[in-house]
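Notes for the structure review
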Amino acid sequence: MTLNQLRAFVEAERLGSFTAAAQAMDIAQASASELVRRLEAELDAELFQRGSRTLTLTAAGRELLPYAQESVAAADSGTRAVHSLGSLGGGTATFGVLRNADYYLLSNLVQMFHARYPAVRVRLVGQNSAETALAVAEGQIEAGLVILPIDDEELAITPLMRDEVFFVSASAERTSAPVTIEAFSRAPLVLYDAHYGWKDPTRRQLAERAQLAGARIDPLIELEHVEAALKLAAAGVGDTIASRAVIDSPRFPAGLHTAPFAEPLYDTIALVRRRGRPLSRATRELARLAEDTIREIGSGLLT
């Protein structure tokens, strides 16, 4: 059973003759009749009563008609959606952004995209990079921005920029010199991204360094958001970490001091998509806008 056979059947019923159906499908009259004949042979049932000037459905034809109409309509809708997407006159863009997207000027990404392509639906998901990578690999979203490292099976990765990560404390003494991983492991730490813990890419780098140094990182407090961690650090509860983008933000609390790590630590921001799977035009354009924004912020920091 083919779509053309079903279409010939639906058009013949709608228009009352194979000749009219052939004209509507822009094929020869004999071809429309043959398509229906093959469909009848496959179903082992006659679909039309022949002999009169107008085609009349048999009981089998009446049974098949709604299913055939639904199949043809679904195929036509899919064709229109693809054609619409080709001109960015419709479709859906699905994209994952960083948990701290606002610090990288990504908060206006949807507004910018919508202003250019108002007919395109957007599904923008902000979550931890580990979850974004998994969502892209499983096909839940088409592409996204992540912090490296991630598990990259099935993923194509394009690094975009590096943002240095600093030790943050209310203590000027503890930030008077670059911080070693051993000193970091001894500090009273308030770390964010509690849900993903050591699967979080930044914390994953720290854990690997501590392991190589024979040290262990045991946070005093774990919570979800960097803003909450910074607030507790400013109150003197403990020390935390933050990237340069966060530190340079107007929202960075007063009274906090920063120091680089003795071995510089970086968040590498990358674009990920599923390997071997082309992006839809809508998502490709949204990814391009996000990439341009990140590269502009990076200003050649990626080496």
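Residues numbered from 1 in each chain as written. Predicted model: local features only at pLDDT ≥ 70, side-chain atom pairs only at ≥ 80, totals over all residues. Heavy atoms only, no water.

Turning our eyes to something else, we now look at the nonpolar core. Judged by nonpolar contacts, the single largest core of 56 residues is most densely connected at Phe 95, Leu 145 and Phe 184. Excluding its chain neighbours within four sequence positions, the residues that come into contact with Phe 95 are Arg 123, Leu 124, Val 125, Ile 141, Ala 143, Gly 144, Leu 145, Leu 271, Leu 286, Ala 287 and Ala 290. Within the second largest apolar cluster, 19 residues are counted, among which are Ala 21, Leu 47, Leu 64 and Leu 65. (Core = buried A, V, L, I, M, F, W, Y, C linked by side-chain atoms within 4.5 Å. Buried < 20%, exposed > 50% of the residue type's maximum accessible area, 1.4 Å probe, protein only. Contact = heavy atoms within 4.5 Å.)

Another aspect to go through is the sheet that holds strand 4 (residues 121-126). Spatial ordering of the open sheet is given by 4-3-5-10-6-9, a layout of 6 strands whose pairing is mixed. The sheet is open, and its two borders are formed by strand 4 and strand 9 (240-243), each paired with just one other strand. Sheet twist, expressed as the average angle between the axes of neighbouring strands with direction ignored, equals 25 degrees. Sheet topology places strand 6 (residues 155-169) next to strand 10 (residues 257-274); 14 bridges connect them, and they run antiparallel. (Pairing = 2+ DSSP bridges. Helix = DSSP H or I, 4+ residues; strand = E, 2+ residues; numbered from the N terminus. Axes fitted to C-alpha atoms, helices over the stretch in contact; angles between N-to-C directions.)

Relative to the assigned elements, Val 136 resides in helix 6 (residues 129-137). Judged by its relative accessible area of 0%, Val 136 falls in the buried class. Sequence-distant contacts of Val 136, that is, excluding residues within four places in its chain, are made with Ile 141, Glu 142, Ala 143, Gly 144, Leu 155, Val 272, Arg 273 and Arg 274.

Over its 18 residues, helix 11 (residues 281-298) extends 25 Å from the first C-alpha to the last, a length consistent with the 26 Å expected when each residue adds 1.5 Å. Taken together, the buried positions of helix 11 are Ala 282, Thr 283, Glu 285, Leu 286, Ala 287, Leu 289, Ala 290, Thr 293, Ile 294 and Gly 298. (Expected span 1.5 Å × (residues − 1).)

Looking now at the packing of aromatic side chains. The final tally for this structure, using the stated rule, is 5 aromatic pairs. Ring geometry for Phe 167 versus Phe 184: centroids 6.1 Å apart, planes at 80 degrees, classification edge-to-face. Placement of the pair is Phe 167 in strand 6 and Phe 184 in helix 7 (residues 181-186), with a sequence separation of 17 residues. In this structure, Phe 167 and Phe 184 share a single accessibility class: buried. The structure contains a cluster of three or more aromatic residues connected by ring pairs, namely Phe 9, Phe 18 and Phe 48. The residue whose ring lies beneath Arg 162 is Tyr 266, and the NZ or CZ to ring-centre distance is 3.9 Å. If you follow Arg 251 out to its NZ or CZ, it ends over the ring of Tyr 103, 4.5 Å from the centre. (Phe/Tyr/Trp six-rings, centres within 6.5 Å; stacked < 30°, edge-to-face > 60°. Lys NZ or Arg CZ within 6 Å of the ring centre and 35° of its normal.)

The next point concerns the packing of helix 5 (residues 109-116) against helix 11. Contact pair helix 5 / helix 11: the axes reach a minimum separation of 10 Å and the direction vectors enclose 130 degrees. Classed by the angle they form, the pair helix 5 and helix 11 counts as oblique. Our pair here, helix 5 against helix 11, has a crossing hand that is right-handed. Residues Leu 109, Met 112, Phe 113 and Arg 116 of helix 5 lie in contact with helix 11, whose contacting residues are Ala 282, Glu 285, Leu 286, Arg 288, Leu 289 and Ala 290. Partitioned by chemical class, the residues of the contact of helix 5 with helix 11 number 7 nonpolar, no polar and 3 charged. (Parallel < 35°, antiparallel > 145°, perpendicular 65-115°, else oblique. Left-handed = near helix turned anticlockwise from the far one by under 90°. Nonpolar A, V, L, I, M, F, W, Y, C, P; charged D, E, K, R; others polar.)

On to the side chain of Thr 268, then. Looking at the element boundaries, Thr 268 is found in strand 10. In this structure Thr 268 comes out as buried when scored by relative accessible area, which is 15%. Residue contacts for Thr 268: discarding those within four places in its chain leaves Val 146, Ile 147, Leu 148, Pro 159, Met 161 and Arg 162.

So, on to the pattern of salt bridges. For the structure shown, the criterion picks out 16 salt bridges. The residue Arg 204 makes a salt bridge to Asp 151 at a minimum N-O spacing of 3.4 Å. In this pair, Arg 204 is assigned in helix 8 (residues 201-213) and Asp 151 in the loop between strand 5 (143-148) and strand 6, connecting sequence segments 53 residues apart. Judged by relative accessible area, which is 23%, Arg 204 ranks as partly exposed. The network of salt bridges with common partners includes Arg 116, Glu 285, Arg 288 and Asp 292. (Salt bridge = Lys/Arg side-chain N within 4 Å of Asp/Glu carboxyl O.)

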